[in-house]
Amino acid sequence: MATTKLDRALVARTALDLLNETGLEGLTLRAIAQRLDVKAPALYWHFKDKQALLDEMATELMRRMSEDFLADPDPDWRVALTGSMRGLREHLLRYRDGAKVYSGTHFTDTSYAAPMEAHLRVLTAAGFPPAAAARAWFTVYSYTIGYVIEEQATGPDPARGDGGYDLVARAARLADYPLAAAAGEEVFRDHDRGFEAGLAAVVAGIGATLGATGSG
């Protein structure tokens, strides 16, 4: 066996590299150990279970996003929120099941705090009360993660050998419900356009309901 010097960051980076091959369900500590050329029990010194590993993987994703696009938001709150969520989606889509890995986890350090603080400052400078700024950030953030979870679950996945949601079969099942059947084209096709349309609606709703007194 190679004498690989293990640490949490190395294991998390290796897991993210392996994710595109295995998907979330196939990502195991044993598979990661094989990739690192170590024995599986060595990983348990760093991670007690798979959830602890997912927490570190999500934290590594946050570190990468902070470096790429989160650290210096535009002073216009609408531009800042829109740009940051586009970047979040782009990063999550780089990894098979990336949004599932990222959602519901607990960050293992405070790398998220500085970019979050910067975006909240933009919002409060625009007139949002602090609580409304927090709600605005969390709302658009939740929309983005939820959208990508659905996008990755129903879109084409070469690793699975499928072309995505079969809308012809769906329409046949829903023949008695024409509006629901037709909605499939809007919901399950052209995810880029769909994301942008939904994001614009969310940002507009934030501006209309959360009390940005100086937002223009």
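Residues numbered from 1 in each chain as written. Predicted model: local features only at pLDDT ≥ 70, side-chain atom pairs only at ≥ 80, totals over all residues. Heavy atoms only, no water.

## Quick word on the overall build of the chain
A tally of regular secondary structure across the chain gives 10 helices and 0 strands. In sequence order, the chain lays out its α and β elements as α-α-α-α-α-α-α-α-α-α. The buried share among the 216 residues of the chain stands at 44%. Restricting to contacts in the chain with at least 6 residues of sequence separation, those with at least 24 account for 72%. (Helix = DSSP H or I, 4+ residues; strand = E, 2+ residues; numbered from the N terminus. Buried < 20%, exposed > 50% of the residue type's maximum accessible area, 1.4 Å probe, protein only. Contact = heavy atoms within 4.5 Å.)

## Digging into helix H10 (residues 191-209)
The first and last C-alpha atoms of H10 sit 26 Å apart over 19 residues, in line with the 27 Å expected at 1.5 Å per residue. Taken together, the buried positions of H10 are His191, Gly194, Phe195, Gly198, Leu199, Val202, Val203 and Ile206. One side of H10 holds all its buried residues, which, seen down the axis, span an arc of 160°. In H10, those exposed residues whose orientation departs by more than 90 degrees from the buried face are Ala201 and Ala208. (Expected span 1.5 Å × (residues − 1). Arc of directions from axis to C-beta.)

## Description of helix H4 (residues 77-92)
Think of an α-helix as 3.6 residues a turn; residues three or four steps apart then line up on the same face. With 16 residues, H4 extends 22 Å from end C-alpha to end C-alpha; this agrees with the ideal 22 Å at 1.5 Å per step. Along H4, the residues that are buried comprise Trp77, Ala80, Leu81, Thr82, Ser84, Met85, Gly87, Leu88, Arg89, His91 and Leu92. Measuring from the side-chain oxygen of the N-cap residue of H4 to the backbone nitrogen of Arg78 gives 2.9 Å; that N-cap residue is Asp76. (Polar contact = N/O pair within 3.5 Å; in protein donor to acceptor, adjacent residues only side chain to side chain.)

## Regarding the pattern of salt bridges
Tallying each qualifying case throughout the model produces 13 salt bridges. Arg8 is the salt-bridge partner of Glu56, the closest N and O atoms lying 3.1 Å from each other. Of this pair, Glu56 sits in helix H3 (residues 50-70) while Arg8 sits in helix H1 (residues 8-26), and the two are 48 residues apart along the sequence. Taking the relative accessible area as the measure of exposure, Glu56 reaches 3% and is therefore buried. (Salt bridge = Lys/Arg side-chain N within 4 Å of Asp/Glu carboxyl O.)

## Topic: the nonpolar core
Ranked by internal contacts, the top residues of the largest apolar core, which has 56 residues, are Ile32, Leu43, Met57, Trp77, Tyr102 and Phe128. Elements that contribute at least two residues to this core include exactly H1, helix H2 (29-36), H3, H4, helix H5 (98-102), helix H6 (113-125), helix H7 (130-154) and H10. Here this core gets 10 residues from one element, more than from any other, and that element is H7. Once residues within four sequence positions are removed from consideration, Met57 is found in contact with Ala12, Ala15, Leu16, Leu19, Leu27 and Val101. (Core = buried A, V, L, I, M, F, W, Y, C linked by side-chain atoms within 4.5 Å.)

## Examining the packing of H1 against H2
Where H1 contacts H2, the two axes come as close as 10 Å, and the packing angle between them is 105°. With respect to H2, the element H1 is oriented roughly perpendicular. When H1 is examined against H2, the residues Leu10, Val11, Thr14, Ala15, Leu18 and Glu21 are found in contact with a partner set consisting of Ala31, Ile32, Arg35 and Leu36. Residues that form the contact of H1 with H2 fall into these classes: 7 nonpolar, 1 polar and 2 charged. (Axes fitted to C-alpha atoms, helices over the stretch in contact; angles between N-to-C directions. Parallel < 35°, antiparallel > 145°, perpendicular 65-115°, else oblique. Nonpolar A, V, L, I, M, F, W, Y, C, P; charged D, E, K, R; others polar.)

## With respect to unusual backbone geometry
One non-glycine residue, Asp37, lies in the positive phi region at around 60°. Its identity as a non-glycine residue notwithstanding, Asp190 has a phi of 50°, on the positive side. When you line up the elements, Asp190 lands in the loop between helix H9 (178-188) and H10. Residue classification places Asp190 among the partly exposed residues on the basis of a relative accessible area of 45%.

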